[in-house]
Amino acid sequence: MYTLKTFASGVRVPSCPSSPSLLSLCGGEDMERISAVAACVCLCAMMLVQGDCSAEQAKPMVGMYYFPGWCHPKGEQGEWQGAIIKAATPRALCGFYNDADPKLWNYYVPWMSTHGIDFIAFDWYYNAEQEFLNGSLDSGYLKSPKNKDIKFCLHWCNHGGPWWKKPLDQSKSAILTMTDSICEKYFSKPNYLRINGRPVFMIYETNMLLSFGGIEGVRDSLAAMRARAKEKGYPDLYLVAVYPGNSPDYLKMLKGLGFDAFCAYTYCWMRPASVTWDTHNIPYAELTDMLTKYVYPKLRQEGVKAGLPYWPSTFSGWDDRPRAGLENALVNTGNTPEQYAKMLKGALKQVNPASPVVMTEAWNEWGEGACIEPSKEHGFGFLKAIASVTGKSSPNEKVPTAEEIASWNVLTPDELKTAKENESKPWPIKEPKKYVFGKSYSVPKAKLPFVVNFEKGGMKDEEMTLVQMELKGRTEEGAVFETTGGDPCIILPTVKVPMKQIKRITIEGGLEGDVMEGFLPPRLQVYWATGRMPEFAEFASTATTWSKNGKTFIQTVDIPTWKDTGTPLLRLRIDPCSKPGVKLHIRRVILSD
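This section reports on the structure supplied with the text. (Residues numbered from 1 in each chain as written. Predicted model: local features only at pLDDT ≥ 70, side-chain atom pairs only at ≥ 80, totals over all residues. Heavy atoms only, no water.)

### Quick notes on the overall build of the protein
Here's step 1: When you go through the protein residue by residue, the secondary structure sums to 14 helices and 25 strands.
Here's step 2: Buried residues in the protein amount to 57% of all 593 residues.
Here's step 3: Residue pairs at least 24 apart in sequence account for 77% of intrachain contacts in the protein once pairs closer than 6 positions are excluded.
Here's step 4: Counting every atom, the protein has about 23700 Å² of accessible surface; 53% of that belongs to carbon and sulfur. (Helix = DSSP H or I, 4+ residues; strand = E, 2+ residues; numbered from the N terminus. Buried < 20%, exposed > 50% of the residue type's maximum accessible area, 1.4 Å probe, protein only. Contact = heavy atoms within 4.5 Å. Areas by Shrake-Rupley, 256 points an atom, 1.4 Å probe, with all protein chains shown as cover.)

### Structural notes on unusual backbone geometry
Here's step 1: Following glutamate 361, the chain continues to alanine 362 via a peptide bond in cis, the omega torsion being 0 degrees.
Here's step 2: When you line up the elements, alanine 362 lands in the loop between strand 14 (357-361) and helix 12 (381-390).
Here's step 3: A positive phi angle, close to 70 degrees, is found at glutamate 129, a residue other than glycine.
Here's step 4: Secondary-structure assignment places glutamate 129 in the loop between strand 4 (119-127) and strand 5 (130-132).
Here's step 5: According to the relative accessible area criterion, glutamate 129 is exposed, its value standing at 63%.
Here's step 6: Its identity is not glycine, yet leucine 133 carries a phi of approximately 60 degrees, on the positive side.
Here's step 7: Within the secondary structure, leucine 133 is located in the loop between strand 5 and helix 4 (135-141).

### Some points on the nonpolar core
Here's step 1: Within the largest apolar cluster, 164 residues are counted, with the highest numbers of intra-cluster contacts made by Phe201, Met202 and Trp311.
Here's step 2: The element that contributes the greatest number of residues to this core is helix 9 (residues 284-306), accounting for eight residues.
Here's step 3: Setting aside its immediate chain neighbours within four residues, tryptophan 311 contacts Phe119, Ile195, Val200, Met202, Tyr238, Val240, Ala261, Phe262, Cys263, Ser355, Val357 and Met359.
Here's step 4: Core analysis: the second largest hydrophobic core is formed by five residues, Ile491, Tyr527, Ala529 and Phe536 among them. (Core = buried A, V, L, I, M, F, W, Y, C linked by side-chain atoms within 4.5 Å.)

### Some thoughts on the packing of helix 11 (residues 337-348) against helix 12
Here's step 1: One can describe the packing of helix 11 onto helix 12 by two numbers: an axis separation of 9 Å at closest approach and a directional angle of 35 degrees. Regarding helix 11 and helix 12, the two cross each other, and that crossing is right-handed. Across the interface between the two elements, Pro337, Tyr340, Ala341, Leu344, Lys345 and Leu348 of helix 11 pack against Gly381, Phe382, Ala385, Ile386 and Val389 of helix 12.
Here's step 2: When the residues that make up the contact of helix 11 with helix 12 are grouped by side-chain class, the tally is nine nonpolar, one polar and one charged. (Axes fitted to C-alpha atoms, helices over the stretch in contact; angles between N-to-C directions. Left-handed = near helix turned anticlockwise from the far one by under 90°. Nonpolar A, V, L, I, M, F, W, Y, C, P; charged D, E, K, R; others polar.)

### Brief notes about helix 8 (residues 248-257)
Here's step 1: When helix 8 is considered as a whole, its buried residues turn out to be Tyr250, Leu251, Met253, Leu254 and Leu257. For helix 8, the angular spread of buried residues about the axis comes to 155 degrees, placing them on one side.
Here's step 2: Close packing links the buried residues of helix 8 with helix 6 (206-210), helix 7 (214-231), strand 9 (238-241), strand 10 (261-262) and helix 9.
Here's step 3: Looking at the residues trailing helix 8, positive phi occurs at glycine 258, about 115 degrees. (Arc of directions from axis to C-beta.)

### Some remarks on the sheet that holds strand 24 (residues 569-575)
Here's step 1: Read across the open sheet, the five strands follow the order 16-19-24-21-22; overall the sheet is antiparallel. At either margin of the open sheet sits one strand with a lone partner, and together these are strand 16 (465-467) and strand 22 (541-545). On average, each strand axis in the sheet is tilted by 20 degrees relative to the strand beside it, whichever way the strands run.
Here's step 2: Examined bridge by bridge, strand 21 (residues 523-530) and strand 22 share five bridges and lie antiparallel to one another. By the bridge assignment for strand 22, valine 526 is matched with threonine 542. (Pairing = 2+ DSSP bridges.)

### Looking at the side chain of asparagine 127
Here's step 1: Note on placement: asparagine 127 falls in strand 4.
Here's step 2: What asparagine 127 contacts, discounting residues up to four positions off in sequence, is Trp164, Lys166, Pro167, Leu168 and Asp169.

### Here we look at the packing of helix 8 against helix 9
Here's step 1: One way to put it is that helix 8 packs onto helix 9 with a least axis distance of 9 Å and a crossing angle of 45 degrees. Here helix 8 is positioned oblique relative to helix 9, judged by the angle of their axes. Remark: the crossing between helix 8 and helix 9 carries right-handed chirality. In this structure, helix 8 contributes Pro248, Leu251, Lys252 and Lys255 to the contact, and helix 9 contributes Glu302, Gly303 and Ala306. (Parallel < 35°, antiparallel > 145°, perpendicular 65-115°, else oblique.)

### Some details on the pattern of salt bridges
Here's step 1: One pass over the full model with this rule turns up 30 salt bridges.
Here's step 2: Of the charged contacts, one joins aspartate 101 and lysine 103 as a salt bridge, the two residues approaching to 3.0 Å between their closest N and O atoms.
Here's step 3: Among the ionic pairs, lysine 430 bridges to glutamate 327, the shortest N-O distance being 3.3 Å. Separated by 103 residues along the polypeptide, lysine 430 in the loop between helix 14 (413-422) and strand 15 (450-453) and glutamate 327 in helix 10 (residues 321-328) bring together distant segments of the chain.
Here's step 4: In this structure lysine 430 comes out as partly exposed when scored by relative accessible area, which is 32%.
Here's step 5: Salt bridges sharing common partners tie together Glu79, Arg323, Glu365 and Glu368. (Salt bridge = Lys/Arg side-chain N within 4 Å of Asp/Glu carboxyl O.)

### Remarks on the environment of lysine 59
Here's step 1: Mapped onto the fold, lysine 59 is located in the loop between helix 1 (31-44) and strand 3 (61-66).
Here's step 2: Sequence separation between lysine 59 and valine 357 is 298 residues, and the spatial gap between their C-alpha atoms is 9.2 Å.
Here's step 3: Within polar-contact distance, the side chain of lysine 59 engages the side chain of aspartate 118 at 3.0 Å. (Polar contact = N/O pair within 3.5 Å; in protein donor to acceptor, adjacent residues only side chain to side chain.)

### What to know about the packing of aromatic side chains
Here's step 1: A full pass over the atoms with the stated rule returns 44 aromatic pairs.
Here's step 2: One cation-aromatic arrangement involves arginine 504 over phenylalanine 553; the distance from NZ or CZ to the ring centre is 4.3 Å.
Here's step 3: Above the ring of tyrosine 527, the side-chain terminus of arginine 573 is found at 4.2 Å from the ring centroid. (Phe/Tyr/Trp six-rings, centres within 6.5 Å; stacked < 30°, edge-to-face > 60°. Lys NZ or Arg CZ within 6 Å of the ring centre and 35° of its normal.)

### Thoughts on helix 3 (residues 102-115)
Here's step 1: The first and last C-alpha atoms of helix 3 sit 20 Å apart over 14 residues, in line with the 20 Å expected at 1.5 Å per residue.
Here's step 2: Where the residues of helix 3 are buried, they touch strand 3, strand 4, helix 4, helix 12 and helix 13 (402-407).
Here's step 3: Two to three positions downstream of the cap, the backbone nitrogen of lysine 103 sits 2.9 Å from a side-chain oxygen, assigning the N-cap of helix 3 to aspartate 101.
Here's step 4: Of the residues one or two after helix 3, glycine 116 is the one with positive phi, at around 110 degrees. (Expected span 1.5 Å × (residues − 1).)

### Focus on the pairing of strand 9
Here's step 1: Taking every second residue as pointing to the same face, both faces of strand 9 are buried, with Tyr238 and Val240 on one and Leu239 and Ala241 on the other.
Here's step 2: As defined by bridge partners, strand 8 (residues 198-203) adjoins strand 9 across four bridges and the pair is classed as parallel. Within the sheet, the bridge partner assigned to isoleucine 203 lies in strand 9 and is alanine 241.
Here's step 3: Bridging between strand 9 and strand 10 involves two bridges; their strand directions are parallel. Bridged to valine 240 within strand 10 is alanine 261.
Here's step 4: Between strand 9 and its parallel partner strand 10, the chain crosses via helix 8, and the hand of that crossover is right-handed. (Right-handed = clockwise from strand over helix to strand, strands pointing away.)

### Some points on the environment of tryptophan 164
Here's step 1: Position of tryptophan 164 relative to the elements: it lies in the loop between strand 6 (151-156) and helix 5 (172-187).
Here's step 2: Tryptophan 164 gets classed as buried once you look at its relative accessible area, which sits at 10%.
Here's step 3: Separated by 32 residues in the primary sequence, tryptophan 164 and phenylalanine 132 have C-alpha atoms spaced 8.1 Å apart.
Here's step 4: Excluding anything up to four places from it in sequence, tryptophan 164 contacts Tyr125, Tyr126, Asn127, Gln130, Glu131, Phe132 and His159.

Structure below.
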């Protein structure tokens, strides 16, 4: 997936999108009630997706993102030359191919379909009537006689990039022009993915859409897109938001905009409990545990609450050293096929029966180290993992001949020589930065409610630690602060309360003035430190929005990681927003049972 990120060196290189962290998984309904609702839905809503979503089928679908960056116009350097051959790994089993060659797809399609992949979501680059990297779809997959054996859909990569010759245009008129094109060119194909007869169209970046007309404008544009599809003879569209936020407020907004489901591209940037937020090395096994235990169940519940099905999203790893270089790269280590199988199993358990789909990043993100496609490192290992999890017993593993690999090769003899030489060069990975864990220990049962008083005459000024915030004054009504930077926080005085005793955290107060962050209210984040996790970490955090009535309640039963961060509670940190110049009034913070 091409997105651009500027590093300190000034070099602009592609990078992965930001991914949801555990701090955004708060505010859900009670786990047991949601589970009961989900069970009822499971019994009653047997309208399950299989290709064209027949009501009798109950089998979840596995979708595979496909990055089409391996075919460039003749004479133009592609990513094989620009990144991959400079690296020691990875290496595709099919060589350095032109994926606009249908002969390559005569292998791809049988590999995918017989190993349990139900459809391909092509990363589709389009802006203002210009398409980019469309050869693999138009000339490769669609020209292969085997394409009928697997479904496909479009994943609109609607972000900017130097490849566009015109400014980004996602206005209503531009979207309608795009809709006319895709209805004729793609939706009409018999193997285009449909849910209840509705062509599936995935949109990568919701926030980019919102920059063209805001909430009302996007709602109008998507409604017009649906209407145009109906004019063309389709019952409707099935719209999926791929790169959204996932807080309850954001999901509510997505539902209001007109989306039918939401998912992610990858969660490779999430941090499990053991590693710091600025580490460059993240253990894949710990990511797998975090996703399957906390993230997938929570987002499924939040989706049920918002009336917006969640497609759990898996990934085979991340390693962008070929693109970003050794210094700036982010690497998931230990991403074996066996670990990926655990992640896929966990995701399949959390599908919404109203739209049971699991996504995987990706077939061939060779520049990002997320590759299900057979490789020299893992062979068919990742495909075998999918086959094992989905119950496929006779997968096709026929490999191309050396002559076939040479026929679709795009490298010159000198480039092939360079690639071979680089395979044996040092290819180091930075050591992970880890938190120093303590141990849980027992403390006497506290007298609750425990109150941290900001009112005049309450706790002393020096007992508070302020970061990018200034105390403006204190009265009998509480304290007034002003944020001075983009990551402000208040760290409260030390307390010692058994974690299991705390059932609710109440923050009395709120923000004043212009507090909107983009199109949503600011997010209130709360971090906690314990005997086991004495440092503030993303794993030990939650988030919500400020209540309009001046009392914001956080139920600890709604926080997935609360019980797994140890005991006792030692400190709380409050991050009120992410903007400077915002006034904050707090009267009290209350811990209660």
